[in-house]
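# Observations on chain architecture
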Amino acid sequence: MSEKNISIRLLIMITTPKLADKVKKVLDKRKLPIQYNIHAKGTATSEIMDALGLGNPDKSIVISTIPHNQVDAIFDELSVKMKIGSVNSGIAFTVPLTGANQLILNMLKKSDDEQNEECGKGDKKMMNEKYSMIAAVVNRGYSAEVMEAAKQAGASGGTVINSRRITDEEISSVWGLSVQDEKEIVLIVADKESKVDIMKKIGEACGMHSKAKGIILSFPIEDAIGLK
């Protein structure tokens, strides 16, 4: 089997810790092999978080690899069981993956075969570039500055993940990267019209020239539910 035999997506759902357990049950039923539950914090004001259906600042980020032709069925099930878009429900979206190791491909192929009768076959959707995910990796303590800059360009809120740098110090210094180990990753969902402006504002305020030593990336969101 090669990577060409199955089209893979990364499913990312930002929700409350309580609802994360329901997400796991949906994924477990489909025997999806890779699942992660990451604790995070919301950054938006209470009014904005309520508008986004994320009233609780404590967040869980659920990540899983899924066959592309199961996306619609999984989204339908999440919408029914979790009422995506309502208060304290969350958002879910997928991004394309370009590869995976053979074990993961074998597991996903097995899950895909078992779901074919329900979902059908093929990978017929075209990329929906209405939304993008912006990821700003900055030194610990600078997530508020990232969001302040992002909001100037129209961002409504984001999610912060605490992380730790594992790159060799010598390699980091060659590329001019910060040697500070503790990092924060700020995730922001942006629409097509505001993505570039948001990234530019973050770069100006928290880029490599600043004390935040930020690295700003973006990747396309393909399918999404819960975004308003």
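Everything below is about the structure printed above this text.
Heads up: these notes are all about the structure in this document. Everything quoted here is computed from the prediction, not taken from an experiment. (Residues numbered from 1 in each chain as written. Predicted model: local features only at pLDDT ≥ 70, side-chain atom pairs only at ≥ 80, totals over all residues. Heavy atoms only, no water.)

What the protein chain contains, in helices and strands, is 7 helices and 9 strands. Going through the 228 residues of the protein chain one by one, you find that 43% of them count as buried. A fraction of 82% describes how many contacts in the protein chain between residues 6 or more apart in sequence connect residues 24 or more apart. Here the protein chain displays about 11900 Å² of accessible surface, and carbon together with sulfur accounts for 54% of that area. (Helix = DSSP H or I, 4+ residues; strand = E, 2+ residues; numbered from the N terminus. Buried < 20%, exposed > 50% of the residue type's maximum accessible area, 1.4 Å probe, protein only. Contact = heavy atoms within 4.5 Å. Areas by Shrake-Rupley, 256 points an atom, 1.4 Å probe, with all protein chains shown as cover.)

This part takes up the sheet that holds strand S7 (residues 182–191). Adjacent strands of a sheet form backbone hydrogen bonds with each other and so pair up, either parallel or antiparallel. The strand order S8-S5-S7-S6-S2-S3-S1-S4-S9 describes an open sheet built from 9 strands, whose pairing is antiparallel. Whereas interior strands pair on both sides, the edge strands pair on one side only; in this sheet they are strand S8 (215–221) and strand S9 (224–225). The pairing of strand S5 (residues 131–139) with S7 spans 9 bridges and is antiparallel. Looking at the pairing, Asn139 lines up with Lys183 of S7. Relative to the sheet, helix H5 (residues 143–152) contacts S5, strand S6 (159–164) and S7, its axis offset from that of S7 by approximately 20 degrees. (Pairing = 2+ DSSP bridges. Axes fitted to C-alpha atoms, helices over the stretch in contact; angles between N-to-C directions.)

Another aspect to go through is the pattern of salt bridges. Applying the stated criterion to the full structure yields 6 salt bridges. Two residues, Glu222 and Arg9, come together in a salt bridge whose shortest N-O distance is 2.3 Å. Placement of Glu222 in the loop between S8 and S9 and of Arg9 in strand S1 (residues 8–15) is noted, with a sequence separation of 213 residues between them. The same class applies to Glu222 and to Arg9, which are both buried. The structure contains a network of salt bridges with shared partners spanning Lys29, Arg30, Glu77 and Lys81. (Salt bridge = Lys/Arg side-chain N within 4 Å of Asp/Glu carboxyl O.)

Before going further, it helps to examine unusual backbone geometry. Of note in the backbone geometry, Lys31 takes a positive phi value of approximately 55 degrees without being a glycine. A residue is classified by how much of its surface remains accessible, and Lys31, at 53% relative accessible area, is exposed. Positive phi, close to 50 degrees, is recorded for Lys213, a residue that is not glycine. Following the sequence through the fold, Lys213 ends up in the loop between helix H7 (195–206) and S8.

What follows is about the packing of helix H1 (residues 17–29) against helix H3 (residues 71–82). With their axes 11 Å apart at the nearest point, H1 and H3 run at an angle of 145 degrees to one another. Read as a crossing pair, H1 and H3 show a hand that is right-handed. Two secondary-structure elements touch here, H1 through Leu19, Lys22, Val23, Val26 and Lys29 and H3 through Ile74, Glu77, Leu78, Lys81 and Met82. Grouping the amino acids of the contact of H1 with H3 by side-chain chemistry returns 6 nonpolar, no polar and 4 charged. (Left-handed = near helix turned anticlockwise from the far one by under 90°. Nonpolar A, V, L, I, M, F, W, Y, C, P; charged D, E, K, R; others polar.)

The next thing to look at is the pairing of S1. The buried fraction of S1 is high, at 8 of 8 residues. Burial of S1 is two-sided: the residues Ile8, Leu10, Ile12 and Ile14 facing one way and the residues Arg9, Leu11, Met13 and Thr15 facing the other way are all buried. As defined by bridge partners, S1 adjoins strand S3 (residues 58–67) across 8 bridges and the pair is classed as antiparallel. Residue pairing in the sheet places Thr15 in a bridge with Ser60 of S3.

What follows covers H3. For H3, which comprises 12 residues, the first-to-last C-alpha distance of 16 Å matches the rise-based estimate of 16 Å (1.5 Å per residue) to within 8%. Residues Val71, Ala73, Ile74, Phe75, Glu77, Leu78 and Met82 constitute the buried set of H3. Directly beyond the C-terminal end of H3, a positive phi value near 50 degrees is found at Lys83. (Expected span 1.5 Å × (residues − 1).)

Turning next to the environment of Asn37. Among the structural elements, Asn37 can be located in strand S2 (residues 35–42). Given the relative accessible area of 47%, Asn37 is considered partly exposed. In this structure the C-alpha to C-alpha distance between Asn37 and Ser60, which are 23 residues apart in sequence, comes to 6.2 Å. A distance of 3.4 Å separates a polar atom in the side chain of Asn37 from a polar atom in the side chain of Ser60. (Polar contact = N/O pair within 3.5 Å; in protein donor to acceptor, adjacent residues only side chain to side chain.)

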